[in-house]
Amino acid sequence: MATKKIIAVVGATGAQGGGLVRAIVADKRGAFVARAVVRDVNSEKAKALAKLGAEVVAADIEDPRSLERAFEGAYGTYCVTFYWAHFSPEKEVAHARNLAQAAKHAGLKHVVWSTLEDTRKWVPLSDDRMPTLMGKYKVPHFDAKGEADHLFTDLGVPTTFLLTSFYWDNFIHFGMGPKKTPDGKLAITMPMGDKKLPGIAAEDIGRCALGIFKAGSEYIGKTVAIAGECLTGLQIAAALGKALGRPVTYNAVTPEAYRSFGFPGAEDLGNMFQFKRDFENYFAGVRKPDVARSLNPALQTFEQWLAKNKDRIPLE
Ligand SMILES: NC(=O)c1ccc[n+]([C@@H]2O[C@H](COP(=O)([O-])OP(=O)(O)OC[C@H]3O[C@@H](n4cnc5c(N)ncnc54)[C@H](OP(=O)(O)O)[C@@H]3O)[C@@H](O)[C@H]2O)c1
């Protein structure tokens, strides 16, 4: 049997990386094996990945030497950064630099970089339709990722730029699920107006990434944008209501109102939704479910995702 190629998966205990590790180990006849890169090899999540059959190694995205060791001997790597662990765009860029340099050092043949748009290319800082945040960003957790793209290309690292979408899992984990309104009914709140929000099951991102690795050199140097479905707030609320067996309404607030909600990251997310709303033609236009399905034939629609996950959505 030919030796299998190692994919070192950063963030392997998280949503994106975890999905990729599970996709690789499930693909028993495939050409790849998974090396899960985690901070603590003894955590429950890390042990669960080892039990599935993944190699588990320790590295911290803050520590370049540890990344070099984690990438050594690998064919490729899945690179993701963790904005919500620190809320610092500068750290996110520094972490992306560490990943790109370690990939270069290890001579990797293929890097999939989980990125997002630098929204300042559409909304320059001088455009006051949305506030500038942290001095030089419009959507900090997007802008830093897009700003970091060139770090991979500048080093000549063979990279695929993977533009991901809003995880439907945010309705479970990120506080975005239906909330009770004063009249006792359920509502989801998003400043998307009547525009479409590209969404995806987080688990499907890793499966699409495996499709990219499997395609060999086809996507190297290219940007691939994925979504499971692009749905309006009304469509999302209707699907939630159908799955939960209770009516869910769509509370289409303004971006200004959303930014003022006061939770950590509210301004960033308010600007993010406004960007997706104001540039729907571009943003939902490039994220093509057909492309995602060609990479991952098991790609879920929102309805399919809800059928599996509705009971995990916390309701007050
Ligand atoms: N939520 C969404 O809708 C959405 C959509 C598109 C993109 N994103 C982006 O996805 C990224 C997060 O990815 P995710 O959702 O897959 O992560 P996640 O599920 O939130 O998991 C966090 C991961 O971060 C790892 N981690 C944290 N600090 C680390 C460090 N210093 N070194 C190494 N690993 C570290 C943790 O690993 P250990 O603790 O095991 O080491 C854990 O696996 C964010 O940048 C976010 O902007 C999110």
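Placed above this text is the structure.
Read on for an overview of the structure. A quick note: this is a predicted structure, and the numbers were derived from the prediction, not measured. (Residues numbered from 1 in each chain as written. Predicted model: local features only at pLDDT ≥ 70, side-chain atom pairs only at ≥ 80, totals over all residues. Heavy atoms only, no water.)

Before going further, it helps to examine the overall build of the chain. In terms of regular secondary structure, the chain is built from 13 helices and 13 strands. Rg of the C-alpha trace for the chain: 19 Å, near the compact-globule value of 20 Å for 316 residues, within the 12% margin. Taking the principal axes of its C-alpha atoms as reference, the chain extends roughly 60 × 45 × 35 Å. The burial tally for the chain puts 54% of its 316 residues in the buried class. By sequence separation, contacts in the chain at least 24 residues apart represent 76% of the contacts at least 6 residues apart. Total accessible area on the chain stands at roughly 13800 Å², and carbon and sulfur atoms take up 53% of it. Across the chain, 41 positive and 35 negative side-chain charges occur, with their mean positions spaced 5 Å apart. (Helix = DSSP H or I, 4+ residues; strand = E, 2+ residues; numbered from the N terminus. Rg over C-alpha atoms; globule rule 2.2 N^0.38 Å. Buried < 20%, exposed > 50% of the residue type's maximum accessible area, 1.4 Å probe, protein only. Contact = heavy atoms within 4.5 Å. Areas by Shrake-Rupley, 256 points an atom, 1.4 Å probe, with all protein chains shown as cover. Lys, Arg positive; Asp, Glu negative; His and termini not counted. Charge placed at Lys NZ, Arg CZ, Asp CG, Glu CD.)

With that out of the way, let us pick up the sheet that holds strand E6 (residues 159-163). Strand pairing in a sheet takes place through backbone hydrogen bonds and is either antiparallel or parallel in direction. Strand order across the open sheet formed by seven strands is E3-E2-E1-E4-E5-E6-E11, with parallel pairing between neighbours. In the strand order of this sheet, the two ends are held by strand E3 (55-58) and strand E11 (223-225), each with one partner. For this sheet the average axis-to-axis angle between neighbouring strands, irrespective of direction, equals 20 degrees. Strand direction decides the pairing type here: E6 and E11, joined by three bridges, are parallel. (Pairing = 2+ DSSP bridges. Axes fitted to C-alpha atoms, helices over the stretch in contact; angles between N-to-C directions.)

Further remarks concern the packing of aromatic side chains. Under the criterion given, the structure shown has 23 aromatic pairs. Each ring, one from Trp168 and one from Phe302, has its centre 5.1 Å from the other, and the planes form 45 degrees; the classification is tilted. One end of the pair, Trp168, is in the loop between strand E7 (166-167) and helix H6 (170-173); the other, Phe302, is in helix H13 (residues 302-309), with 134 residues separating them in the sequence. An aromatic cluster of at least three residues, connected via ring pairs, comprises Phe166, Trp168, Phe171, Tyr258, Phe261, Phe263, Phe273, Phe302 and Trp305. (Phe/Tyr/Trp six-rings, centres within 6.5 Å; stacked < 30°, edge-to-face > 60°.)

A word on the site of the ligand. The local shell around the ligand holds 22 residues, among which Thr13, Thr81, Lys145, Tyr167 and Asn170 are the closest. In the model, an oxygen atom of the ligand is placed 2.8 Å from a nitrogen or oxygen of the Arg39 side chain. Within the backbone of Thr81, a nitrogen or oxygen atom sits 2.7 Å from an oxygen atom of the ligand. Looking at the shell around the ligand residue by residue, the class counts come to nine nonpolar, nine polar and four charged. (Near = heavy atom within 4 Å. Polar contact = N/O pair within 3.5 Å; in protein donor to acceptor, adjacent residues only side chain to side chain. Nonpolar A, V, L, I, M, F, W, Y, C, P; charged D, E, K, R; others polar.)

Bringing the pattern of salt bridges into the picture now. Taken as a whole and judged by the stated rule, the model has 18 salt bridges. With its nearest N and O atoms 3.1 Å apart, the salt bridge here joins Lys214 to Asp27. Pair noted here: Lys214 is in helix H7 (residues 202-214) and Asp27 is in the loop between helix H1 (15-26) and strand E2 (32-38), with a separation of 187 residues, a long-range link. Put simply, Asp278 and Arg277 hold a salt bridge, and the shortest N to O gap is 2.8 Å. Note on Asp278: relative accessible area 27%, which makes it partly exposed. The partly exposed category is assigned to Arg277, whose relative accessible area is 26%. Look at the salt bridges and you will find they share partners, linking Asp118, Arg120, Asp143 and Glu147 into a network. (Salt bridge = Lys/Arg side-chain N within 4 Å of Asp/Glu carboxyl O.)

Where helix H5 (residues 140-154) meets helix H10 (residues 266-278), the axes come as close as 8 Å, and the angle between the chain directions of the two elements is 70 degrees. Classified by the angle between their axes, H5 and H10 sit roughly perpendicular to one another. Of H10, the residues touching H5 (which contributes Pro140, His141 and Phe142) are Asp268, Leu269, Met272 and Lys276. In the contact of H5 with H10, the residues fall into four nonpolar, one polar and two charged. (Parallel < 35°, antiparallel > 145°, perpendicular 65-115°, else oblique.)

This part covers unusual backbone geometry. The phi angle at Phe87 is positive, at roughly 60 degrees, despite the residue not being glycine. Tracing the backbone shows Phe87 in the loop between strand E4 (76-79) and helix H4 (89-105). With phi around 50 degrees, Met134 is a residue other than glycine that occupies positive phi space.

What follows is about the nonpolar core. Residues Leu20, Phe71, Tyr78, Leu99, Phe152 and Ile226 are the most contacted members of the largest nonpolar core, which totals 60 residues. If sequence neighbours within four positions are ignored, Leu99 has contacts with Val10, Ile61, Leu67, Phe71, Cys79, Val80, Thr81, Trp113 and Phe152. (Core = buried A, V, L, I, M, F, W, Y, C linked by side-chain atoms within 4.5 Å.)

Here the focus is the pairing of strand E13 (residues 248-251). Residues of E13 alternate between two faces, with Val248 and Tyr250 buried on one and Thr249 and Asn251 left unburied on the opposite face. The pairing of strand E9 (residues 186-189) with E13 spans four bridges and is classified as parallel. For Ile188, the partnering residue across the bridge sits in E13 and is Tyr250.

Turning our eyes to something else, we now look at H4. An ideal rise of 1.5 Å per residue puts 24 Å on 17 residues; H4 measures up with 24 Å between its terminal C-alpha atoms. Taken together, the buried positions of H4 are occupied by Pro89, Glu92, Val93, His95, Ala96, Asn98, Leu99, Ala100, Ala102 and Ala103. Looking one or two residues beyond H4, the residue adopting positive phi is Gly107, at roughly 65 degrees. (Expected span 1.5 Å × (residues − 1).)

Bringing the sheet that holds E9 into the picture now. Ordered by their spatial adjacency, three strands build an open sheet running E8-E9-E13, and the pairing between neighbours is mixed. This sheet does not close on itself; its edge strands, each paired only once, are strand E8 (179-180) and E13. Summarising the sheet, E8 and E9 pair through two bridges and their orientation is antiparallel. Bridging across to E9, Lys180 finds its partner in Leu186. Across the sheet, helix H8 (residues 233-244) touches E9 and E13, and the angle it forms with E13 is around 160 degrees.

Keep in mind these values describe shape, not function.
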